[in-house]
Amino acid sequence: MAPFSQKIWIKTYGCQMNSRDSDTLKALLIQARYLIVENEKEANIALLNTCSVRDLAELKALGKAGRLLKRKGKEPNFRVGILGCMAGRRGAELLKVLPNLDWIVPPQALSRVPSLIYETLTQNKQTATVADVPQAFDFTCYEQKLSPKPVLFVPVQQGCGMNCSYCIVPKTRGHQQNRPFASIVAEIRQATQQGTCEVILLGQIVNAYIDKDAKKNFVDLLEAVQEIDGIERIRFMSPHPSFFNDALVACFEHLHKLCPALHLPIQSGSNRILKLMRRGYTHESVLKLIKALRAVEPKISISTDLIVGYPSETEEDFEQTVSLFEEIGFDMAYIFKYSPRPTTEAASAEEIIPEAVKEERNQRLLSLLNASSIAYNETFVGTKQEVLIEGLAPHGENKLFGRNRYNKKVIFNGSSALIGSFKEVFIEKATSSALEGRLVD
Ligand code: 5AD
Ligand code: SF4
């Protein structure tokens, strides 16, 4: 079959970085004259863009790949690739469990996917291609035009330069590489021509961004994006508490496009566990940072990631996380039960925490979260909020959704013609996860 009549289906697991990589890959494949299909049954090629951050994420992708390979058994022309973080972590070893794979491509080799597919099809290859990790990440792939989006995720880095004891990312995405400053600004300028008015700067440790050649750091980047006409809102994720400085805190005061919402992964409130995790900050220094942020933006939305049940976490350690939660009052949090990742430092720890204890700690934090998120969201009830309308809400006819500047999802009735515009919405109701209201005339 001729390569360019191939229909490709892509399924994405994991974080926003992976989801942006899949969007970029779709654009690269369309440019190379392949067809992208939304329905896997129509596809001749299935690509899974995978995540490795927790065991469950890998198990899901492995299960899906196994089912796709069964289909390959019946349809010999059907082909399957594993891309992304699991391909980066496991490489050729994946062939032991999934022997009939066609491609294994780590995240760093994203831009090579179209040519790898071409080679396999034109040579009618019957063995797997395992792509190498290139010396340097090809950041120009992110300059590829995507379908128009009101809110655009903009990668500013690849990989991670930290050494957190529990985390697989440096092994899946490699060491930290920074995207050239000019490439980021060029992409955002171009996106405004297609109607993008909000950007979310993405990186594993986004606030450690640096372009040494251009002598630009993360604050310089925020200031440059602030100057781009057509961009109305700026957000970033995820920063690391240790790379926050006064200049970055001050940005929340003097950059009016920078939204008052911060996702700051803290992981634990116990200084002992933070030290074992090699996070480089303390319970006290985080409280000080939040206090400084609230001094410039009193209503700033603060969300976080927390891990419960890290090896050796005692009841006392956990109480420190509970107390950090109560002291800060996160309006949103992702709470994860610790999952050992092979080859990480923490995976060899002996004092593992029983699943039942992890679950109980998880539930305790979830109930705190429920109360604090409702309390925060209720402060918007009875106010008018400026909402950037992003799309149709998944449930309910004629329902739209967007976000206010505080990153809260707002749901209301309206016509799809409004997608991509800013509108005022009067907030009538708050739940722990969203605000509901009506358009103001
Ligand atoms: N177990 C559980 N959660 C983890 N995370 C990263 N590694 C692990 C792990 N081994 C969480 C962290 C991180 C988020 C993306 O995933 O909280 O911030
Ligand atoms: Fe994203 Fe980390 Fe999962 Fe990779 S392992 S997809 S970087 S969350």
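First things first, this report covers the structure right here in the doc.

Criteria and cut-off values
Residues numbered from 1 in each chain as written. Chains lettered and ligands numbered in written order. Predicted model: local features only at pLDDT ≥ 70, side-chain atom pairs only at ≥ 80, totals over all residues. Heavy atoms only, no water. Pairing = 2+ DSSP bridges. Helix = DSSP H or I, 4+ residues; strand = E, 2+ residues; numbered from the N terminus. Axes fitted to C-alpha atoms, helices over the stretch in contact; angles between N-to-C directions. Buried < 20%, exposed > 50% of the residue type's maximum accessible area, 1.4 Å probe, protein only. Arc of directions from axis to C-beta. Contact = heavy atoms within 4.5 Å.

1. Topic: the sheet that holds strand β14 (residues 261-263)
Here we have three strands laid out as an open sheet, ordered β14-β15-β16, and parallel in their pairing. A strand with exactly one partner marks an edge of an open sheet, and here the two such strands are β14 and β16 (332-337). The sheet shows a mean angle of 10 degrees between the axes of neighbouring strands, direction not considered. Relative to strand β15 (residues 301-308), β14 is paired through three bridges, and the arrangement is parallel. Across the sheet, Ala261 pairs through a bridge with Ser301, a residue of β15.

2. Quick look at the pairing of strand β13 (residues 233-237)
Along any regular strand the residues' side chains alternate between the sheet's two faces. Burial within β13 is extensive, with five of its five residues counted as buried. Judged by which residues are buried, β13 turns out to be covered on both faces: Arg233, Arg235 and Met237 on one side and Ile234 and Phe236 on the other are all buried. Pairing analysis gives five bridges linking strand β10 (residues 198-202) to β13, with the strands arranged parallel. When the bridges of β13 are listed, Leu201 appears paired with Phe236.

3. Topic: helix α5 (residues 113-122)
Those residues of α5 that fall on the buried side of the exposure criterion are Val113, Pro114, Leu116, Ile117, Thr120 and Leu121. Along the axis of α5, the buried positions cluster into a sector of 165 degrees, meaning they face one direction only. On its buried face, α5 is in contact with β1 (7-12), α1 (16-31), β3 (45-50), β4 (79-84), β5 (103-105) and β6 (129-130). Among the residues trailing α5, Asn124 stands out with phi positive, at a value near 50 degrees.

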